[in-house]
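So you can see what is in the structure, the chains are spelled out below.
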Amino acid sequence: MADRGRGVARGGRGTPAARGGRPLPPNTEINKSKREAILDLSKYVNERIRVKFTGGREVTGILKGYDQLLNLVLDEVEEELQVHYGQPEPEPDKRTLGLVVLRGPTITLLSPVDGSEEIANPFISQE
């Protein structure tokens, strides 16, 4: 396309000051604080934890490491299988996996094994 006497070729959006807006304060990107993790898992490092996944799988193991995406490294992992062998009630079974890396997006529940106990559901009506 021809220049048509407009001077410099146009294009792009330029800086805010070039567009007539206010200039950005210096180091705007640097001044943003680093995003903090929602969970503080540091107190569970080297402790046994239970992890449940989307799809129903469940494992227990010793937490060795984690990152901000909630990817976990567990050692001495045991997967708790719910096998149905044609019975209405699943039969619990365990499979040893050893050292594993768990993807954060697939995790639905994290809980410490020590210090937790199963309680009766308070929302079920007592008949």
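Scroll up to find the structure this text is about.
Each residue is numbered by its place in its chain's sequence as written, counting from 1. Selection of residues for local features in this predicted model requires a pLDDT of at least 70, selection of side-chain atom pairs for listing and counting requires 80 or more, and totals for whole chains, interfaces and linings are taken over all residues. Calculated side-chain values reflect all of the structure's heavy atoms, with hydrogen atoms and water omitted.

(A) Highlighting the pattern of salt bridges. By salt bridge we mean one thing: a side-chain nitrogen of Lys or Arg within 4 Å of a carboxyl oxygen of Asp or Glu. Taken as a whole and judged by the stated rule, the model has 7 salt bridges. Put simply, Glu-58 and Arg-50 hold a salt bridge, and the shortest N to O gap is 2.8 Å. The partner of Glu-80 in a salt bridge is Arg-50, and the shortest N-O contact between them spans 3.9 Å. Remark: Arg-50 occurs in strand β1 (residues 48–53) and Glu-80 occurs in strand β3 (residues 72–83); sequence separation between them is 30 residues. A run of H or I in DSSP becomes a helix once it reaches four residues, and a run of E becomes a strand once it reaches two; helices and strands are each numbered from the N terminus.

(B) Structural detail: the environment of Val-45. Tracing the backbone through its elements, the reader meets Val-45 in the loop between α1 (28–31) and β1. Relative accessible area decides the class of each residue, using a 1.4 Å probe on protein chains only: under 20% of the type maximum gives buried, over 50% gives exposed, and in between gives partly exposed. The class of Val-45 is partly exposed, set by a relative accessible area of 29%. Separated by 29 residues in sequence, Val-45 and Leu-74 place their C-alpha atoms 9.5 Å apart. The contact criterion used is simple: two residues touch if any of their non-hydrogen atoms lie within 4.5 Å. Here Val-45 is in contact with Leu-63, Lys-64 and Tyr-66, once residues within four sequence places are set aside.

(C) Just the nonpolar core, in detail. Buried Ala, Val, Leu, Ile, Met, Phe, Trp, Tyr and Cys residues form a nonpolar core when they are joined through side-chain atoms within 4.5 Å. Leu-41, Ile-49, Val-51, Phe-53, Val-59, Leu-63, Leu-72, Leu-74, Val-77, Val-100, Leu-102 and Ile-107 form the largest nonpolar core, which has 12 residues in total. When sequence neighbours within four positions are dropped, the list of residues in contact with Val-51 reads Arg-57, Glu-58, Val-59, Leu-72, Leu-74, Leu-102, Ile-107, Leu-109 and Leu-110.

(D) Geometry of the environment of Leu-70. Within the secondary structure, Leu-70 is located in the loop between β2 (58–66) and β3. C-alpha separation for the pair Leu-70 and Gly-104, spaced 34 residues apart in sequence, amounts to 4.3 Å.

(E) How the structure looks around unusual backbone geometry. Even without glycine at this site, Asn-46 takes up a positive phi of about 65°. Mapping Asn-46 onto the fold places it in the loop between α1 and β1. Even without being a glycine, Glu-76 presents a positive backbone phi close to 55°. Following the sequence through the fold, Glu-76 ends up in strand β3. Accessibility expressed as a relative area gives 46% for Glu-76, which makes it partly exposed.

(F) Expanded view of the sheet that holds β1. Pairs of strands are assigned from DSSP output, requiring at least two bridges between the strands. Taking strand neighbours across the sheet as the criterion, the 5 strands line up as β4-β3-β2-β1-β5 in an open arrangement whose pairing is antiparallel. Strands at the two margins of the open sheet, each flanked by one partner only, are β4 (91–102) and β5 (107–112). Across the sheet, the axes of successive neighbouring strands diverge by a mean angle of 30°, strand direction being ignored. Here, axes are lines fitted to C-alpha atoms. For helices the fit covers the stretch in contact, and angles between N-to-C directions go from 0 to 180 degrees.

(G) Geometry of the environment of Asp-93. Mapped onto the fold, Asp-93 is located in strand β4. Judged by relative accessible area, Asp-93 falls into the partly exposed class, the value being 36%. As for Asp-93 and Gln-82, which are separated by 11 residues in sequence, their C-alpha atoms are 6.4 Å apart. Look past the residues within four positions of Asp-93 in its chain and what remains in contact with it is Glu-79, Glu-80, Leu-81 and Val-83.

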